[in-house]
Every structure is written in C-alpha cells, then in structure tokens.
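Structure assessment
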Amino acid sequence: VQLQAYGGGLVQAGGSLRLSCAASGRTISRYVLGWFRQAPGKEREFVAAISRSGGNSDYVDSLKGRFTISRDNAKNTVYLQMNSLKPEDTAVYYCALDEGLGGALYRLVRMYEHWGQGTQVTVSS
C-alpha cells in the first residue's frame, strides 16, 4: 500500500488546515490509520488514530478539541482537520497504516508499518 499525504502549507496562528492522506494499492477499510508529526530536532509523535469504521478515535491529550481525524473508506482517504493552529503545531505531518487486524488504536510509531511521505505544516505567529 502507498500513502500520499497532502494539504499542508503556511497558515497564520488561529487558522485551520485540512490534511488528506490518500491510499492506493489496498483498500484501507480493514485497517487502523493514524496521523503523526515531527518537528525539527524532535522525535516523531502521535497525533491521532481512527478505527476501521471511523466510529472510534484517539488523540494525544494536548490536541483534543482542536484536531479531528476522520476517514472516508469509499475514497480510501483519511483526513486530519486542524483548527486554532499554534506555532508549536509546526511540523511535518505523516499518515500511517497499521497492518494488524486487531483493531486497537495504537500511539506507538513502531506499530504502523506503512507511512506517507509527510506534508509540511508551518504556523506563523
């Protein structure tokens, strides 16, 4: 499976962006999907994950209420809506797919086998 993330860009603090991640080569409906981010000089960190049906999701506590993960299995795409953006949200954002069929929503990088190339989000103050 290949994942292609897009939708990043430069936005002012307080603004919004919607990231998309399109999958090809495999139907994503059987898999948990996640978003991670990596700021310069920092480790890649968990942002959000969504269950196969989209009925359950998990977020890092610091982003709850500002970010929303969703998916459209018919379009083989997962989204990340980001509102009230802050300069500290500046990072490269990655989508990821967990090949495991257990359905658990993991926060660990190592639990996701497939990764998109990343899309840069820059929030100016």
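Residues numbered from 1 in each chain as written. Predicted model: local features only at pLDDT ≥ 70, side-chain atom pairs only at ≥ 80, totals over all residues. Heavy atoms only, no water.

Some words on the sheet that holds strand β7 (residues 67-72)
Under the convention used in this document: What makes two strands pair is DSSP finding at least two bridges between them. Under the DSSP-based scheme used, a helix requires at least four consecutive residues in state H or I and a strand at least two consecutive residues in state E, with every element numbered from the N terminus. Fitted lines through C-alpha atoms serve as axes, helices being fitted only where they are in contact, and the angles separating the N-to-C directions of these axes extend from 0 to 180 degrees.
Spatial strand order, β1-β3-β8-β7: four strands in an open sheet with antiparallel pairing. Only two strands of the sheet have a single partner each, and these edge strands are β1 (2-6) and β7. Shown here is a sheet whose adjacent strand axes are inclined to one another by a mean of 15 degrees, direction ignored. The pairing of β1 with strand β3 (residues 17-24) spans five bridges and is classified as antiparallel. Bridging from a neighbouring strand, Gln 4 pairs with Ala 22 of β3.

What to know about the pattern of salt bridges
To be explicit about the condition: In what follows, salt bridge is the name for a side-chain nitrogen of Lys or Arg lying within 4 Å of a carboxyl oxygen of Asp or Glu.
Taken as a whole, this structure holds six salt bridges when the rule is applied. Salt bridges linked by common partners bring Arg 37, Glu 45, Arg 66 and Asp 89 together as one network.

What to know about the packing of aromatic side chains
Pairs of aromatic rings are described using the distance from one ring centre to the other and the angle between the two planes. Let me state the cut-off plainly: Only Phe, Tyr and Trp rings are paired, with Trp represented by its six-membered ring, and only when their centres lie within 6.5 Å; those with planes under 30 degrees apart are stacked, over 60 edge-to-face, the remainder tilted. Only protein chains enter the area calculation, which uses a 1.4 Å probe; residues under 20% of their type maximum are buried, those over 50% are exposed, and those in between are partly exposed. Whether a charge sits over a ring depends on NZ of Lys or CZ of Arg being within 6 Å of the ring centre and within 35 degrees of the ring normal.
Applying the stated rule across the entire model yields five aromatic pairs. Between Phe 36 and Phe 46 the ring centres are 5.7 Å apart and the planes differ by 75 degrees, which places this aromatic pair in the edge-to-face class. Of this pair, Phe 36 sits in strand β4 (residues 32-38) while Phe 46 sits in strand β5 (residues 45-50); the two residues are ten residues apart in sequence, bridging distant segments of the chain. For the pair Phe 36 and Phe 46, one class covers both residues: buried. Seen in terms of ring centroids, Phe 36 and Tyr 112 are 5.1 Å apart; in terms of plane orientation they differ by 75 degrees. Their pairing is edge-to-face. Residue Phe 36 is found in strand β4, and its partner Tyr 112 is found in the loop between β9 (91-98) and β10 (114-115); the two are separated by 76 residues along the sequence. By relative accessible area, which is 0% here, Phe 36 ends up buried. What links up through ring pairs into an aromatic cluster is the set Phe 36, Phe 46, Tyr 94, Tyr 112 and Trp 115. One Lys or Arg, Arg 44, reaches over the ring of Trp 115 and ends 4.8 Å from the middle of that ring.

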